[in-house]
Amino acid sequence: MTLDGTHDPDRRSWVETANDPETDFPLQNLPLGCGRGPGGGVTTVVAIGELILDAGRAAATGLLDGTAAEVVRESGRLNGVLARPGHELTALRHALTTLLERGSPHAAAIRDDGQMLLEAEQVQLLTPTEIGSFTDFFAGIYHARAVSEILVPGGDVGPNYRWVPIAYQSRAGTVSVSGHRVRRPAGQLLRPSGQPEFAPCEMLDFELEMGFYVGAGAEAGRPVAIADADRHVAGFCLLNDWSARDIQRWEMAPLGPFLSKSFATTISPWVVTADALKPFRAPAMPRAGGEPRPLPYLDDPQDQAAGGLSVQLSVWLCTERMRADGEPPALLLRSDARHLYWTPAQMLAHHTSNGCSLQPGDLLGTGTISGPAPDELGSLLELTEDARRPAVLPNGETRGYLQDGDEVTLAGRCVRDGFASIGFGPCTATVASADSLL
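Remember, it's a predicted structure, so these values are computed and weren't measured experimentally.

Parameters and conventions
- Residues numbered from 1 in each chain as written.
- Predicted model: local features only at pLDDT ≥ 70, side-chain atom pairs only at ≥ 80, totals over all residues.
- Heavy atoms only, no water.
- Helix = DSSP H or I, 4+ residues; strand = E, 2+ residues; numbered from the N terminus.
- Rg over C-alpha atoms; globule rule 2.2 N^0.38 Å.
- Contact = heavy atoms within 4.5 Å.
- Buried < 20%, exposed > 50% of the residue type's maximum accessible area, 1.4 Å probe, protein only.
- Pairing = 2+ DSSP bridges.
- Salt bridge = Lys/Arg side-chain N within 4 Å of Asp/Glu carboxyl O.
- Patch = residues over 30% accessible without salt bridge, like charges linked within 9 Å, V, L, I, M, F, W, Y side chains within 5 Å.
- Areas by Shrake-Rupley, 256 points an atom, 1.4 Å probe, with all protein chains shown as cover.
- Lys, Arg positive; Asp, Glu negative; His and termini not counted.
- Charge placed at Lys NZ, Arg CZ, Asp CG, Glu CD.
- Phe/Tyr/Trp six-rings, centres within 6.5 Å; stacked < 30°, edge-to-face > 60°.
- Lys NZ or Arg CZ within 6 Å of the ring centre and 35° of its normal.

Draft legend 1. Layout of the overall build of the protein chain. Within the protein chain, the secondary structure is distributed over 13 helices and 27 strands. Computed over C-alpha atoms, the radius of gyration of the protein chain comes to 22 Å, within 12% of the 22 Å expected from 2.2 N^0.38 for 438 residues, which places it in the range of a compact globule. Along the three orthogonal principal directions, the C-alpha set of the protein chain runs to about 70 × 55 × 40 Å. In the protein chain, 74% of the contacts between residues at least 6 apart in sequence involve partners at least 24 apart.

Written out as structure tokens, the structure reads:
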């Protein structure tokens, strides 16, 4: 994980809001997004402080040139951008840093252009890629253990969990970017009588996850070696894989979740690049004594040394009543991406190990990220012990599971001494009633 001048914490931007130590988007981050600006066209955009740079326009006007201009001239969503070789994405990062750093000779031209550096409300952020496939893993072992214990007291994860990265194929078509509403799903609910009933979900939950995007794809029949897998990961986002717990329990045996998961997934709009996250890589989660070492196709010294991520994660809730009363969102829980049992490279290598293809822009989710401490949890199922111990909010409201009008926000931030802190921006969605239209 070679660092370079773009990670220097002393570099500052002429966009002053980017120099605020609390911003998610300092000069050292420069996440990529896909947006529609005032002109109506879809273009590659970059977050800098509280503003958004139209990188496509910067290339069209010659302020970005060479390799950087070629990369951002890719049309449409970011699939083509993320598919470019790693050194070209690094070249784009360097060019953007030079363009936006304090002392840049191009600052006046960007300001005077009027359409290149925009307020956030001037840009409609879109799902960053055309997601051809979405796979959701189950790599948070503390979440897996907690759920097993809640549903079957004394239970543990299955015997395969420590050997194989478990996942299921979800629905790419219902992945939406932050800011959308999520309609409460309906499905079959098993009643105490032992008979199922088709009705709106009564146990709607969030799941605190991270997502990562495939850069260079994998051809069918050509597995990606674990030593090369990290090079196929272009960037990361926050991901809320909404769950209908009551529907899930009735449908998941023997093939696993289906309608309980496929109705909605919310992602943050920015792709925090693999380059930006280099200072925040961490060792893979240590295996406890007696746990098996990964099989050779999942075992790589470099990945074990720095294949994990150190990202501070949190979930915030704002109810309809809180918003009406002008109250801020309440912090529900915290966790950290360090608690993933499998690294992103291991997930990607395993995904392709049978010859499965992956396309640039495909999305992989980590699964719910919980930690070992009681306040390090990733879902209401765990936090409330399946609604047996409802969470009490600052205004006195309680929640076992989510109610209509609840707004859920995931946040993520990378902090390390000697480096500028960076974040992911919010991943927010509001629960709408089952009979509403989005």
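The structure having been displayed, the exposition proceeds.
Draft legend 2. Inspection of the pairing of strand E3 (residues 51-54) at higher detail. Here E3 shows two buried faces, one formed by Leu51 and Leu53 and the other by Ile52 and Asp54. Here strand E2 (residues 42-48) folds back onto E3 in antiparallel fashion, the turn holding 2 residues, of which Gly49 has a positive phi close to 60°. Note: E3 against strand E4 (residues 117-119), 3 bridges, orientation antiparallel. Bridge assignment links Leu53 to a residue of E4, and that residue is Leu117.

Draft legend 3. Examining unusual backbone geometry more closely. The amide bond that connects Ala253 to the next residue, Pro254, takes the cis arrangement and shows omega of 5°. Within the fold, Pro254 resides in the loop between helix H8 (245-251) and helix H9 (259-262). The phi torsion at Leu30 lies on the positive side, around 55°, for a residue other than glycine. Here Leu30 lies in the segment before strand E1 (32-36). Taking the relative accessible area as the measure of exposure, Leu30 reaches 3% and is therefore buried.

Draft legend 4. Spatial organisation of the pattern of salt bridges. Inspection of the entire model under this criterion finds 25 salt bridges. Between Glu88 and Arg84 there is a salt bridge, with its nearest N and O atoms 2.6 Å apart. Here Glu88 and Arg84 have matching classes, each one buried. A salt bridge links Arg293 to Asp299, with the nearest nitrogen and oxygen atoms 2.5 Å apart. A network of salt bridges, in which partner residues are shared, links Arg145, Asp156, Arg162 and Glu291.

Draft legend 5. The arrangement of a negative patch on the surface in detail. Judged by side-chain charge, Asp20, Glu22, Glu50, Glu119 and Glu121 come together as a negatively charged surface patch. Looking at the element boundaries, Glu22 is found in the segment before E1. Since its relative accessible area comes to 62%, Glu22 is described here as exposed.

Draft legend 6. Local environment of the packing of aromatic side chains. Scanning the model with the defined rule gives 5 aromatic pairs in all. With a centroid separation of 5.8 Å and an interplanar angle of 80°, the aromatic rings of Phe138 and Tyr161 are classed as edge-to-face. With a gap of 23 residues between them, Phe138 in the loop between strand E6 (134-137) and helix H6 (141-151) and Tyr161 in the loop between H6 and strand E7 (167-170) connect regions that are remote in the sequence. Take Phe138: its relative accessible area is 31%, and that puts it in the partly exposed class. Residues Tyr341 and Trp342 carry aromatic rings whose centres are separated by 5.6 Å and whose planes lie at 80° to one another, so their mutual orientation is edge-to-face. For Trp342, a relative accessible area of 1% corresponds to the buried category. Put simply, the rings of Phe138, Tyr161, Tyr341 and Trp342 touch in pairs and so form one group of aromatic residues. Over the face of the ring belonging to Trp342 we find Arg287, whose NZ or CZ atom lies 4.6 Å from the ring centre.

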